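# Coordinate analysis (summary)
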Amino acid sequence: MTDIGVKKELVAGRPDLWLRMENNPIPSCPGCHEPTAMRAILEALEELDAVGDAVMVVGVGCSFAFQSMVDLDYLVCAHGRPPDGASAVKRVLKGDHVVFTIQGDGDCIAIGAGALINAAARAEKITIFMLNNANYGTTGGQLAPTTPLGHVTSTTPGGRTPAHGYPVRVPELLATFQGVAYTARGAMNSPANYQKTKGYIKKAFAAQRVSLGLSFVEMLCACPPNWHMTPLDSLKWLEQTVIPQFPLGEFKDVQGASGKTQEATR
Amino acid sequence: MNGESREGLALFGGVLGVPPKALKSPLPASRERGDTGGERTSDHMQRQLVAGRPDAWMRLEFNPIPTCPGCQEPTATRAVLDVLEEMGMEGEAILVPGVGCHSLIPFMLDLDHVMSAHGRPPDLASAIKRVLGRGAADRALPLVFTLQGDGDCIAIGAGSLVNAAARSENITVLMLNNVNYGTTGGQMSPTTPLGHATSTTPGGRTPDYGYPVRVPEMLATFQGVAYAARGAVNTPANYQKTRAYIKKAFQTQMAGRGLSMVEVLCSCPPDWHMTPLNSLKWIEAHIIPQFPLGEFKGP
Amino acid sequence: MADRLFVQGNEAVAWGAVSAGCEAFFGYPITPQNEITEWFAREFPRMGRVFLQSQSETGSINMLHGAAACGVRAMTSTSGPGWGLMQEGMSNLANAELPCVVVLVQRGGPGAGTTRHAQMDYASATHGGGAGGYRNIVLAPASVQELHDFMPLAFHLADKYRNPVVVLSDAILGQMAEPLERKQLEFEPLPPKDWAVLGKAHHADGKRRGISIGQGFIPNPDFPTYLSFIDHLDKKTKQMRQDEVRFEALNVESARLILVAYGSMARACQGAMEMARAEGLDVGMLRPITLWPFPSQAIRRNIREGVQFLVVEDSLGQMVEDVETAVGERAPVHFLGMLARHEPREMGMIFPDRILEKIKEICRK
Ligand SMILES: Cc1ncc(C[n+]2csc(CCOP(=O)(O)OP(=O)(O)O)c2C)c(N)n1
Ligand code: SF4
Ligand code: SF4
Ligand SMILES: [Mg+2]
């Protein structure tokens, strides 16, 4: 560990679940929000005292790296398939397990759309976290179904136009399914949004614990290298361009979920 | 149960074979399409005189309608043909069927068609439209539409459908919803209503297997979807309404406004283990209440 | 429960899985395996075990991935088009070293092909179709009893090697009914699955467990480098080749013509062999039971002066290539394939008398 790492830890603390890796404490790019989102999930698990019962199901994307950083039981699935794997884990273990996926936007709603939609159709009692950085980060920033209009990617060098369709709003989409109990969208760009998002995450886990149905939280994340911006400019861009096209908030919270959620949160 | 599964029929060779559950043809060996005179059995002549039939139905030597008695997939298809004829668009139409009982239908239709893998018609249709359509701004023609079952469209094909909607493909998706996998012997599909018994939910579907998916309602949430509706063909009135929905869907496509989709509720008497007549009653009493008819997005 | 049943092959698969202690089944409809999925849909919920209908075969194989990671015995079944969609998953299961069983009830290809019998998935079952670099055992039953008995064997081998196992059936075997004796088969004890994912609190040592499809790429204590992982796979593969070859040999010691066939075609060949021997022709038969690892040694052992081989497959010839590789230039290898079916539609079959005809043609020369 470098001095800097230690200092950061002293100032902000960090969840026990982050493993210390010898060479590479955080394998993501500088300014990446995916570790921030992962951290919010880990804090929520710790606060809910759900660490020992948690199983994390990882997809393929930059969040793939978290398998070596997080001290939880985990399973890595093929690209787009975490909802399939998580459904089976939840049904086979039969206990009070908290089973969640961590997926990128491409993993979740491009290649994995079929798996996601059908997990929702089956009302699986699992939680899906979609880290939306508006592109395929790992492979160099190509167009994803969630790329905002006008955004330049390596496969839409002139910016996304309606000829490539419109950005998909996944929590809004999933809210139409009867078997979905909770959906929300948060962001990692400010301490206030971080705290709100953590609240969504806790509610999503709580909905799972009381077997209400599928729960889903999207988290908007900056991806500075592929956006060709500095980390700071990425924050501004998130605020000015991404959030207006992807409104933050809760889109579904089934009747009684909040009440029950509160009980379960304790 | 089913050594009798109809899946074999969904394949080209099977159409000319003897289908286990299909209607025996009352027709004699026939002639070229469009020929309205000449000899026919009186039965057929009458039917044609009373209701007419779209020219695009071809007369097949052995097996004019390869679906089961009481099946409404041909009825729904007929509504499509009526619309094409009314619009004079048969020559511009390209049909992309998936895999299911509906894949039998193109063999009877005098339309250009490309059969796709199970669940993949939106992928093929997107490419056909983008290759043949004249540039991004003017993608009115040809009129490319899929013909899919509910399993094809929203189970195995959910990923293709959702992403065609996300890309706002200028195509029309037609989903024939018989609330089960008809071809393979009536298993549960994502659209099976709660309580409905299928061969994989012998005690009836329970919430443990989730809730029926309402596809037009779901697609309506996509910015790139321009039209979404659900019809039925269980009564003449519903048939006419469904025809109007299909026409609007095609017009939406020709105006280049984005993806259009019509779901049509269809009966499947053998797999529902009902007579054709009871199937119609069952649609009215149990399916329509869970799958409301109407338009969910549109002009 | 009766110890003796009269059942279809597809149902025998299910009874075999039950006796193996299979805890979870995932499936998607496809002819000619529907009876398997429907059996589990009916019986597993009653038995308190997991049945889940997937949205596609891609879904099935990935659900299998999830269930196997939890350490339970889990399976799926499918036919050609679904098997195609499962290839990526098979490759991932091999990397993740997850034991599970896939029953592949073959039908005619290519593409949607037919829903009737054929043996056209030999090549993809034995040589893999996903991202390469893996092998899996393929068992080929030839009777309803074997469809039952090979299920516990398949689960045992899967657990022993932490690798998926394929049971290669076909539409004839799946749909035909024969007497079945339900018996509990015994196997050597296996180590506990202490690698299974259960939630950290559920492990005696309190340490996390993880199942990755990136073994060799993402370093872990067992495999710090890519080649350390590949070396491990190599050892596993060699051990399977050495210890798991299974076959049945009938009258091969003295035979001048040896028939080679698997699955339903082995049944037709056995009939043909008996007819030929009744006519005084010295014909034997070698039936590979493991299609991978292939019994090449057993074939080589029977190459002697004057011996010839006849491979019968309900395809245009896939296993025949493995036989040719085993034999080399040292004996003639003849082939009878699906073009010898008794009629041209998809229900045509290769009957024993047609095989006998070919036997006589070879022996006459
Ligand atoms: C990859 C693949 N999996 C499974 C099948 C088998 N199959 C053929 S038709 C069909 C069901 C189609 O159901 P649906 O789309 O609802 O149409 P219907 O038959 O009810 O009209 C299935 C599962 C296949 N052909 N390909
Ligand atoms: S490419 Fe983007 S998402 Fe991936 S680690 Fe870097 S910043 Fe994060
Ligand atoms: S949909 Fe049902 S009624 Fe129609 S042909 Fe298929 S099995 Fe028969
Ligand atoms: Mg259907």
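Below: a short report on this structure. (Residues numbered from 1 in each chain as written. Chains lettered and ligands numbered in written order. Predicted model: local features only at pLDDT ≥ 70, side-chain atom pairs only at ≥ 80, totals over all residues. Heavy atoms only, no water.)

## Topic: the overall build of chain B
The secondary structure content of chain B amounts to 10 helices and 9 strands. Sequence-distant contacts, at least 24 apart, represent 69% of the contacts inside chain B between residues at least 6 apart. (Helix = DSSP H or I, 4+ residues; strand = E, 2+ residues; numbered from the N terminus. Contact = heavy atoms within 4.5 Å.)

## A closer look at the overall build of chain C
Secondary structure assignment for chain C yields 13 helices and 15 strands. Its C-alpha radius of gyration of 21 Å places chain C within 12% of the 21 Å reference for a compact globule of 365 residues. Once the C-alpha set of chain C is aligned to its principal axes, its extents read approximately 70 × 45 × 40 Å. A burial count over chain C gives 61% of its 365 residues as buried. (Rg over C-alpha atoms; globule rule 2.2 N^0.38 Å. Buried < 20%, exposed > 50% of the residue type's maximum accessible area, 1.4 Å probe, protein only.)

## Structural notes on the interface of chain C and chain A
Contact residues are listed per partner, giving 39 residues for chain C and 37 residues for chain A. With both sides pooled, the region where chain C packs onto chain A buries about 2700 Å², and carbon together with sulfur makes up 62% of that total. Inspection of the region where chain C meets chain A yields 1 salt bridge. Note that C:Lys200 and A:Asp71 form a salt bridge whose closest N and O atoms lie 3.0 Å from each other. Linking chain C with chain A are 19 residue pairs in polar contact (both at pLDDT 80 or more), by the criterion used here. Counting residues per element, the ones that place at least two in the side of chain C that touches chain A are strand E2 (24-27), strand E3 (50-53), helix H3 (57-69), helix H5 (87-96) and strand E9 (210-211) of chain C. For the side of chain C that touches chain A, the leading source of residues is H3(C), giving 8 residues. The residue makeup of the side of chain C that touches chain A, split by class, is 17 nonpolar, 15 polar and 7 charged. As defined by bridge partners, strand E2 (residues 73-76) of chain A adjoins E9(C) across 2 bridges and the pair is classed as parallel. Residue A:Leu75 lies in a different strand from E9(C), and its bridge partner there is C:Ile211. (Buried area = accessible area lost by both parts, 1.4 Å probe. Salt bridge = Lys/Arg side-chain N within 4 Å of Asp/Glu carboxyl O. Polar contact = N/O pair within 3.5 Å; in protein donor to acceptor, adjacent residues only side chain to side chain. Nonpolar A, V, L, I, M, F, W, Y, C, P; charged D, E, K, R; others polar. Pairing = 2+ DSSP bridges.)

## Observations concerning the packing of aromatic side chains
For the coordinates displayed, the defined rule picks out 16 aromatic pairs over all chains. Judged by centre distance (5.2 Å) and plane angle (70°), the rings of C:Trp15 and C:Trp39 are edge-to-face. With C:Trp15 in helix H1 (residues 9-19) and C:Trp39 in helix H2 (residues 34-46), this residue pair connects regions lying 24 residues apart in the sequence. The residues C:Trp15 and C:Trp39 share a single accessibility class, namely buried. Taking 4.7 Å as the distance between ring centres and 90° as the angle between the ring planes, the aromatic pair formed by C:Phe40 and C:Phe44 counts as edge-to-face. On the criterion of helical spacing, the pair formed by C:Phe40 and C:Phe44 is a turn pair, its members being 4 residues apart in helix H2. Taking NZ or CZ as reference, A:Arg169 lies 6.0 Å from the ring centre of A:Phe246, over its face. (Phe/Tyr/Trp six-rings, centres within 6.5 Å; stacked < 30°, edge-to-face > 60°. Lys NZ or Arg CZ within 6 Å of the ring centre and 35° of its normal.)

## Observations regarding the interface of chain C and chain B
Every contact between the two is made by 24 residues of chain C and, on the other side, 20 residues of chain B. Across the chain C to chain B interface the summed buried area is about 1700 Å²; carbon plus sulfur atoms make up 53%. Taken together, the links from chain C to chain B amount to 0 salt bridges. Seen at the junction of chain C and chain B, the total is 9 residue pairs in polar contact (both at pLDDT 80 or more). In terms of residue count, the dominant contributor to the side of chain C that touches chain B is H2(C) (7 residues).

## What to know about the site of ligand 1
The environment of ligand 1 is made up of 25 residues, and the closest members are B:Glu73, B:Asp150, B:Asp152, B:Thr183 and C:Glu57. More than one chain reaches ligand 1: the nearby residues come from chains B and C. Within the complex, 98% of the 600 Å² of free accessible area of ligand 1 lies under protein. Those elements that place two or more of their residues in the shell around ligand 1 are helix H5 (150-155) and strand E5 (180-181) of chain B together with helix H4 (80-85) of chain C. Tallied by class, residues from the shell around ligand 1 come to 9 nonpolar, 10 polar and 6 charged. (Near = heavy atom within 4 Å. Areas by Shrake-Rupley, 256 points an atom, 1.4 Å probe, with all protein chains shown as cover.)

## Considerations on the nonpolar core
With 190 residues, the main nonpolar core has A:Leu45 and C:Met75 as its most contacted residues. With 10 residues, the single largest contributor to this core is helix H7 (residues 144-161) of chain C. Those residues within four positions of A:Leu45 in sequence are excluded, and the remaining contacts are A:Ala50, A:Val51, A:Ala54, A:Leu72, A:Val98, A:Phe100 and A:Phe205. Membership of the second largest hydrophobic core comes to 32 residues, among which are B:Trp57, B:Ala93, B:Leu109 and B:Leu176. (Core = buried A, V, L, I, M, F, W, Y, C linked by side-chain atoms within 4.5 Å.)

## With respect to the coordination of the magnesium ion (ligand 4)
All names here are of chain B. Here the magnesium ion (ligand 4) is held by Asp-150 (OD), Asn-178 (OD1) and Asn-180 (O), and the distances to it run 1.9 to 2.2 Å. In the primary structure, the donors to the magnesium ion (ligand 4) are separated according to the pattern D-x27-N-x1-N. Of this pair, Asp-150 sits in helix H5 while Asn-178 sits in the loop between strand E4 (172-177) and E5, and the two are 28 residues apart along the sequence. We classify Asp-150 as buried; its relative accessible area is 2%. (Donors = N, O, S within 2.8 Å, 3.2 Å for Na, K, Ca; no water.)

## Section: the sheet that holds strand E8 (residues 259-265) of chain B
By way of backbone hydrogen bonds, the strands of a sheet pair with one another, either parallel or antiparallel. Residues and elements named next belong to chain B. In spatial order, the strands read E2-E1-E3-E4-E8-E7-E9; together these 7 strands make up an open sheet with mixed pairing. Across the chains shown, the open sheet's two edge strands, defined by having one partner strand only, are strand E2 (112-113) and strand E9 (294-297). Relative to E2, strand E1 (residues 93-97) runs parallel, the two sharing 2 bridges. When the bridges of E2 are listed, Leu-95 appears paired with His-113.

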